[in-house]
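# Coordinates in review
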Amino acid sequence: MAGLIKGPALFLAQFAGDEAPFNSLENITKWAAGLGYKGVQIPTFDARLFDLDKAADSQTYCDEVKGICADAGVEITELSTHLQGQLVAVNPAYDLSFDAFAPAHVQGNPAARQEWAVDQVKKAAVASRRLGLDTTVSFTGSLAFPYLYPWPQRPAGLVEEAFAELARRWVPIFNHYEENGVDIGFEIHPGEDVFDGATWEMFLDACGEHARCQINYDPSHFLLQAMDYLSFIDLYHDRICAFHVKDAEFNPDGRQGVYSGYQSWVNRAGRFRSLGDGQVDFSGIFSKLAQYGYDSWAVLEWECCLKSPEQGAAEGAPFIARHIIQTTDKAFDDFAGGETDHAQIRAMLGL
């Protein structure tokens, strides 16, 4: 029977800051718990909240982190390596932009930056094991994305080679995750080479359908591509290991559509919105996930072009809680219930 989704939980990346209560893990977890969150997803790229290098080396440090969260009244849902995962594969067109995600000592050196990123993602597997977690979340990075809309036409083999190279970079990481008993769920996201179902299938195939290669389901990115995000669950539910509860709206007009005309966030046809303010059918999503037995966390990833993060966080916890379905063992009119032996079944059929 379908399981029970856990939550509400909060991805801390969008809230971390230099001022209390957002400036330390102790403070921000207490703040999140006070809003009704039961779990937190920790960004491993923000040293104000977490030291990934120390976590990979020290069980004592990991026990301290778990203790801080437990004292606040929340669990750790997953570790996030979104920024480091992005740097595993960077097309040279993006070198300058993505250098900002890396420490100063590897900036301007793509090979050193990639080596650092791979090491970081691998450390997240070890840290997760030390924390008693079996899932992380990340990005795939991108080699082919600059060639998404082909004009001029792409050379034959360009996309195939891009995905083959992604696999060459990621499969050794997946093997490391296998050794540590941890999955890595990729947020399928424009800007990554893996941005929809078709590209997910290409990536999975290139990686030999590695068991540790999973999905962090986020419907907001699918709505902004005009995709059927409910059918996506039907197709790929067996690979969904994490869930970002994130809202968006898409309002195309005579001036702009999916690509949004280089406009500011507030003026785009496609905009991220605070939970409940957009167009995503979360009742349908939670029903689909419950139907297929998803029993991990529902984690708010907050972004909005209009509403403040504080208001968004405060409204997010009760919104998620309302949508979590406590599944039933039998249909409401299943009066017979129970077990029926073979002889009874044959008698009922007149046999």
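Our structure's up above, just so we're on the same page.
To keep things clear, this report deals only with the structure shown in the data block. (Residues numbered from 1 in each chain as written. Predicted model: local features only at pLDDT ≥ 70, side-chain atom pairs only at ≥ 80, totals over all residues. Heavy atoms only, no water.)

## Observations regarding the packing of helix H3 (residues 59-72) against helix H6 (residues 110-131)
- Running from N to C, H3 and H6 cross one another at 65°; their axes reach a closest spacing of 9 Å. For the element pair H3 and H6, the recorded crossing hand is right-handed. In contact with Gln-59, Cys-62, Val-65 and Lys-66 of H3, H6 contributes Ala-127, Arg-130 and Leu-131.
- In the contact of H3 with H6, the residues fall into four nonpolar, one polar and two charged. (Axes fitted to C-alpha atoms, helices over the stretch in contact; angles between N-to-C directions. Helix = DSSP H or I, 4+ residues; strand = E, 2+ residues; numbered from the N terminus. Left-handed = near helix turned anticlockwise from the far one by under 90°. Contact = heavy atoms within 4.5 Å. Nonpolar A, V, L, I, M, F, W, Y, C, P; charged D, E, K, R; others polar.)

## Structural notes on unusual backbone geometry
- Cis peptide bonds are those with omega within 30 degrees of zero, and the linkage from Ala-20 to Pro-21 qualifies with 5°.
- In this structure, the amide linkage connecting Trp-151 to the following residue, Pro-152, adopts the cis form with an omega of 0°.
- Here Pro-152 is to be found in the loop between strand S4 (135-138) and helix H7 (158-180).
- A positive phi angle, close to 55°, is found at Glu-209, a residue other than glycine.

## Quick look at helix H12 (residues 309-323)
- Taking 1.5 Å as the rise per residue, H12 with 15 residues should run 21 Å; its terminal C-alpha atoms sit 21 Å apart, in good agreement.
- Of all the bends in H12, the greatest reaches close to 30° and is centred on Gly-316; the proline Pro-318 follows between one and four positions later.
- Every buried residue of H12 is listed here: Gly-312, Ala-313, Gly-316, Ala-317, Phe-319, Ile-320 and His-323.
- Its buried side turned inward, H12 meets strand S1 (6-11), helix H1 (25-34), strand S7 (240-245), helix H11 (282-291) and strand S10 (297-300). (Expected span 1.5 Å × (residues − 1). Bend = angle between axes of the 7 residues up to and from the residue. Buried < 20%, exposed > 50% of the residue type's maximum accessible area, 1.4 Å probe, protein only.)

## Overview of a nonpolar patch on the surface
- Together, Leu-148, Tyr-149, Val-258 and Tyr-259 make up an exposed nonpolar region whose accessible area comes to about 460 Å².
- Relative to the assigned elements, Tyr-259 resides in the loop between strand S8 (247-250) and strand S9 (270-273). (Patch = residues over 30% accessible without salt bridge, like charges linked within 9 Å, V, L, I, M, F, W, Y side chains within 5 Å. Areas by Shrake-Rupley, 256 points an atom, 1.4 Å probe, with all protein chains shown as cover. Salt bridge = Lys/Arg side-chain N within 4 Å of Asp/Glu carboxyl O.)

## Comments concerning the packing of H7 against helix H8 (residues 197-206)
- It is the contact of H7 with H8, at a shortest axis distance of 8 Å, that shows an interaxial angle of 60°. Classified by the interaxial angle, the pair formed by H7 and H8 is oblique. H7 and H8 meet at a crossing whose hand is right-handed. When H7 is examined against H8, the residues Val-159, Phe-163, Leu-166, Ala-167, Trp-170 and Phe-174 are found in contact with a partner set consisting of Thr-199, Met-202, Phe-203 and Ala-206.
- A per-class count over the contact of H7 with H8 returns nine nonpolar, one polar and no charged. (Parallel < 35°, antiparallel > 145°, perpendicular 65-115°, else oblique.)

## As for the pairing of S10
- Burial along S10 is two-sided: the face carrying Trp-297 and Val-299 and the face carrying Ala-298 and Leu-300 are both buried.
- In this sheet, S10 lies alongside S1 in parallel orientation, the contact comprising three bridges. Following the sheet pairing, Lys-6 is matched in S10 by Trp-297.
- Here two bridges tie S7 to S10, and the two strands are oriented parallel to one another. (Pairing = 2+ DSSP bridges.)

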